[in-house]
Amino acid sequence: DPSPSLHLPDESATLAAGERLAGALPSRLTIYLRGDLGAGKTTLTRGLLRGLGFAGKVKSPTYTLVEPYKDSRITVYHFDFYRFTHADEFLEAGLDEYFEGDGIRLVEWPDRAHPYLCAADLEVELQLAADGGRQLALHALSTEGQRCLEKFTA
Ligand code: ADP
Ligand code: MG
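A quick note: this is a predicted structure, and the numbers were derived from the prediction, not measured. (Residues numbered from 1 in each chain as written. Chains lettered and ligands numbered in written order. Predicted model: local features only at pLDDT ≥ 70, side-chain atom pairs only at ≥ 80, totals over all residues.)

### Some points on the overall build of the protein chain
Now for step 1: When you go through the protein chain residue by residue, the secondary structure sums to four helices and seven strands.
Now for step 2: Mapped in sequence order, the helices and strands of the protein chain form the string β-α-β-α-β-β-α-β-β-β-α.
Now for step 3: In summary, the protein chain has a C-alpha radius of gyration of 14 Å against a globular reference of 15 Å for 154 residues, a match within 12%.
Now for step 4: C-alpha extents for the protein chain along the principal axes are approximately 40 × 35 × 35 Å.
Now for step 5: Of all 154 residues assigned to the protein chain, the portion counted as buried reaches 36%.
Now for step 6: For the protein chain, restricting intrachain contacts to residue pairs at least 6 apart in sequence, the fraction spanning at least 24 positions comes to 70%. (Helix = DSSP H or I, 4+ residues; strand = E, 2+ residues; numbered from the N terminus. Rg over C-alpha atoms; globule rule 2.2 N^0.38 Å. Buried ≥ 20, exposed ≤ 12 C-beta atoms within 10 Å, placed from the backbone. Contact = placed C-beta atoms within 7 Å.)

Quick look at the structure:
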């Protein structure tokens with residue numbers, strides 16, 4: 001099965017990778033976004049939302065914990081748990097409800113909501129590359145995630 005890795009030389013390449021991922025999504029998927037601060041997790045999400053046709057501004061959910069994007073076709077929830085000091089905050093904020101039903105869920109800093117957070121279908125890993133760009137790796141963790149990766153690489 002494919003576990004694609006891509007070099008992203010600049011910000012526009014990260015946006016393009018997100019747009020490409022948008023074209024491979026089913027109606028329901030949970031995606032963990034891994035990587036240090038500044039790795040490009042929010043940038044990739046911006047590209048994905050652009051690819052789905054959301055034209056407005058994409059804010060980092062660092063303070064709000066979740067930013068929803070909805071239209072008649074699809075709902076995307078973008079989470080960021082960077083500021084959690086305890087995983088309990090996930091339940092206290094009622095965020096478990098967002099993981100029921102259809103929708104695309106993108107999660108930055110998923111480990112900070114462990115063990116309450118749902119398992120991922122797909123993991124996206126972003127790392128700083130030696131040339132100042134980024135290295136992107138995608139890992140499928142479910143059948144749905146695998147199907148998505150097959151579409152992404154096709
Ligand atoms: P994170 O959400 O992982 O903390 P952000 O996406 O907010 O990171 O910020 C990443 C920063 O890196 C932004 O300034 C963005 O312009 C830049 N960036 C994104 N992708 C690349 C890339 N492929 N090469 C160089 N810079 C990038
Ligand atoms: Mg971010």
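### What to know about the sheet that holds strand β5 (residues 103-108)
Now for step 1: The strand order β1-β7-β6-β2-β5-β4-β3 describes an open sheet built from seven strands, whose pairing is mixed. Strand pairing shows two members of the sheet lacking a second neighbour, β1 (5-8) and β3 (66-70), which therefore form its edges. On average, each strand axis in the sheet is tilted by 15° relative to the strand beside it, whichever way the strands run.
Now for step 2: Pairing of strand β2 (residues 28-34) with strand β6 (residues 122-128), which is carried by four bridges, proceeds in the parallel orientation. Looking at the pairing, isoleucine 31 lines up with leucine 122 of β6.
Now for step 3: In the packing of helix α4 (residues 143-153) onto the sheet, the strands contacted are β2, β6 and β7 (134-140), and the crossing angle to β7 comes to about 135°. (Pairing = 2+ DSSP bridges. Axes fitted to C-alpha atoms, helices over the stretch in contact; angles between N-to-C directions.)

### Focus: the environment of leucine 149
Now for step 1: Within the secondary structure, leucine 149 is located in helix α4.
Now for step 2: The spatial distance from the C-alpha of leucine 149 to the C-alpha of alanine 120 is 13 Å, given a sequence separation of 29 residues.

### Description of the pairing of β6
Now for step 1: As defined by bridge partners, β6 adjoins β7 across seven bridges and the pair is classed as antiparallel. Bridge pairing in β7 places glutamate 123 opposite histidine 139.
Now for step 2: Remark: five residues form the turn of the hairpin made by β6 and β7, two consecutive strands paired antiparallel; glycine 132 in that turn has positive phi of roughly 90°.

### Here's the deal with the site of ligand 1
Now for step 1: Looking at ligand 1, there are 18 residues lining it, with Leu8, Thr14, Lys41, Thr42 and Thr43 nearest.
Now for step 2: The set of elements that each furnish at least two residues to the shell around ligand 1 consists of α1 (11-22) and α2 (41-51).
Now for step 3: Here the shell around ligand 1 is composed, by residue class, of four nonpolar, nine polar and five charged. (Near = placed C-beta within 6 Å. Nonpolar A, V, L, I, M, F, W, Y, C, P; charged D, E, K, R; others polar.)

### Some remarks on the confidence of the model for the protein chain
Now for step 1: Chain-level pLDDT for the protein chain is 96 on average; 99% of the residues reach the 70-or-more range.
Now for step 2: Among the scores for the predicted complex, ipTM is 0.99 and pTM is 0.97. (pLDDT = per-residue confidence, 0-100.)

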